[in-house]
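Residue strings, one per chain:
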Amino acid sequence: MRRKNQFKGVNSIKFHSAFSSDDACLAYLADLKWNDAYSCRKCGHDKFYKGFKPHSRRCMKCKYDESPTANTMFDKCKFSIQVAFHIAFKISTKKKGMSSMELSEEFELRQKTCWEFKWKIQQAMQSSCNYPLNGTIHVDEFYIGGEEEGKRGRSKGKKKLVVVALEIVEGGVGRAYAKVIQDASANSFKSFFNAHISKDARIITDEWNGYKPLKKEFSRLEQVKSDRGAGLPELHIHIMNLKGWLRGIHHHCSEERLQGYLDEYHFRYNRRNNMDTIFDLLIKRMVRNKPIRLTIVS
Ligand SMILES: [Zn+2]
């Protein structure tokens, strides 16, 4: 069903007036959560009364009172829902996002608290894998977090290997995805290709052996001479920008943490021409995604 109050745009004045209180944010969450249909989480009943807490709903059958934040990524948030909305707005609409240090300064919160919330946001920014890249796709890998020298192969120590795929469209570039991989083997590439690239796509890689076995499943895969990136210029500009952004916001981080940053970068990148609905989409994902326990340390 169409939602009447869907927030659109990146204008921060409009944003501030739309979400000037916790109540406005809770109303937005309740609308997102139950707009399609209400169903009690405990017993599945579909009729409700107004609940006791603001914008909560109480099941007519089992009397379970559910708040708009229950069982969402906003569950047990350490700061107000209004602050959570403002952080989500900044991270989704600012071209380069915001580091936990910047968030900590701006919202007067502990950096660790910001870091934890940002980690949740990055989880919500993961690709749904529902829209694989199509058409002409350029693929390559790069190292991050260490020396670039040495043979292509495994991630070693602080050095992490990342594979990236970029859609080439008429007059420019389309969407892109990236994934941290253990090594430059066909097996590692395969899970990335299966998740993000259409079987009919025309895929161009360099002559690295690891790509060869993928031709069985991706019949339009072509290998060209790379000549230090000169063969795939758009992709190498993309990698350069991505690396620059990564270097600016973090130094050494775990593999899972790096994947979070890659997801964040591409969530924004792939919507750079649809910024109108990017905030709403992020909030929607945070409502639909289950709450996550933080087990990752940087
Ligand atoms: Zn119930």
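See the structure printed just above.
To keep things clear, this report deals only with the structure shown in the data block. Throughout this document, residue positions are counted from 1 along each chain, in the order its sequence is written. Per-residue local features are limited, in this predicted model, to residues with pLDDT of at least 70; the limit for side-chain atom pairs, both in listing and counting, is 80 or more; totals at the level of whole chains, interfaces and linings are taken over all residues. To obtain the side-chain values, all non-hydrogen atoms of the structure were used and water was disregarded.

1. Thoughts on the environment of Val164
By secondary structure assignment, the location of Val164 is in strand E5 (residues 160-169). Categorising residues by exposure relies on relative accessible area from a 1.4 Å probe, with only protein chains included: less than 20% of the type maximum marks a residue as buried, more than 50% marks it as exposed, and the intermediate range marks it as partly exposed. A relative accessible area of 0% places Val164 in the buried class. Counting along the chain gives 33 residues from Val164 to Ile197, while the straight-line C-alpha distance between them is 11 Å. The residues touching Val164, leaving out its near neighbours within four places in the chain, are His138, Val139, Asp140, Phe142, Tyr177, Ala178, Phe192, Leu235, His238 and Ile239. In DSSP terms, a helix is any run of H or I states spanning at least four residues, a strand is any run of E spanning at least two, and both are numbered starting from the N terminus. Residue contacts are counted whenever heavy atoms from the two residues lie within 4.5 Å of one another.

2. As for the coordination of the zinc ion
Coordination partners: N, O, S within 2.8 Å of the metal, 3.2 Å for Na, K and Ca; water not considered, so apparent gaps in a site are possible. Within the protein, Cys40 (SG), Cys43 (SG), Cys59 (SG) and Cys62 (SG) serve as the donor atoms for the zinc ion, at 2.3 to 2.4 Å. A four-donor site is classed as tetrahedral when every donor-metal-donor angle falls between 85 and 135 degrees; four donors are called square planar, and six octahedral, when trans pairs exceed 155 degrees and all remaining angles lie between 65 and 115, with any other arrangement labelled irregular. Coordination geometry of the zinc ion: the 4 donor atoms subtend angles of 101 to 115° at the metal centre, consistent with an arrangement described as tetrahedral. Overall, the relative accessible area of 34% leaves Cys43 in the partly exposed class. Using a relative accessible area of 35% as the deciding quantity, one classes Cys62 as partly exposed.

3. Thoughts on the packing of aromatic side chains
Whether two aromatic rings pair depends on their centres lying within 6.5 Å, for rings of Phe, Tyr and Trp, where Trp uses its six-membered ring; planes under 30 degrees apart make the pair stacked, over 60 edge-to-face, and the rest tilted. Considering all chains together, one arrives at 26 aromatic pairs under this definition. Between Phe15 and Phe279, the ring centres sit 5.0 Å apart and the planes meet at 85°, which makes this aromatic pair edge-to-face. A residue pair is termed long-range when its members are at least 10 positions apart, and Phe15 in helix H1 (residues 12-18) and Phe279 in helix H9 (residues 278-288) qualify at 264 residues. In terms of burial, Phe15 and Phe279 fall into one category: buried. Ring geometry for Tyr38 against Phe48: centres 4.7 Å apart, planes inclined by 50°, an arrangement best described as tilted.

4. As for the sheet that holds strand E2 (residues 57-59)
For two strands to pair, DSSP has to find at least two bridges joining them. With antiparallel pairing, the 3 strands of this open sheet are ordered in space as E1-E2-E3. Edge strands, defined here as strands with exactly one partner in the open sheet, are strand E1 (48-50) and strand E3 (65-66). Taken together, the 2 bridges between E2 and E3 define a ladder with antiparallel strand orientation. In the strand pairing of E3, Arg58 is matched with Asp65.

5. Thoughts on the pairing of strand E6 (residues 172-181)
Taken together, the 8 bridges between E5 and E6 define a ladder with antiparallel strand orientation. In the strand pairing of E6, Ala165 is matched with Tyr177. Linking E5 to E6, which pair antiparallel, is a turn of 2 residues; within it Gly171 sits at a positive phi near 75°.

6. Details of the nonpolar core
Note that soluble globular proteins tend to have their nonpolar side chains buried in a common cluster. Remark: nonpolar core denotes a set of buried residues (Ala, Val, Leu, Ile, Met, Phe, Trp, Tyr, Cys) joined through side-chain atoms within 4.5 Å. In this structure, Phe74, Phe85, Ile87, Ile121, Phe279 and Ile283 are the most contacted members of the largest nonpolar core, which totals 34 residues. Those elements that provide at least two residues to this core are helix H2 (22-34), helix H3 (81-93), helix H4 (100-107), helix H5 (111-124) and H9. The dominant element in this core, judged by the number of residues it contributes, is H3, at 7 residues. Those residues in contact with Phe85 that sit more than four places away from it in its chain are Phe15, Phe19, Cys25, Tyr28, Leu29, Phe74, Phe279 and Ile283.

7. Some details on the packing of H2 against H3
Any two packed helices are characterised by how steeply their axes cross, that is the angle between the axes, and by the distance between the axes. Working convention: axes come from line fits to C-alpha atoms, limited for helices to the stretch in contact. Angles between N-to-C directions cover 0 to 180 degrees. Their axes nearest at 8 Å, the elements H2 and H3 cross at an angle of 70°. With respect to each other, H2 and H3 are oriented roughly perpendicular. In the crossing of H2 with H3, the sense of the turn from one axis to the other is left-handed. Contacts between H2 and H3 involve Asp22, Cys25, Leu26, Tyr28 and Leu29 on the former and, on the latter, Ile81, Gln82 and Phe85. Any angle that falls under 35 degrees is termed roughly parallel, while one over 145 is termed roughly antiparallel, one within 65 to 115 roughly perpendicular, and all others oblique. Helix crossings get a hand from a simple test, with the near helix turned counterclockwise from the far one by less than a right angle marking a left-handed crossing and a clockwise turn marking a right-handed one.

8. Concerning unusual backbone geometry
For Lys63, which is not a glycine, the phi torsion comes out positive at approximately 70°. One non-glycine residue, Lys76, adopts positive backbone phi at about 55°. With respect to the secondary-structure elements, Lys76 resides in the loop between E3 and H3.

9. Here's the deal with the pairing of E5
Most of E5 is tucked away, with 9 of its 10 residues classed as buried. In this sheet, E5 lies alongside strand E4 (residues 136-144) in antiparallel orientation, the contact comprising 9 bridges. Residue pairing for E5: Thr136 is matched across the bridge by Ile168.

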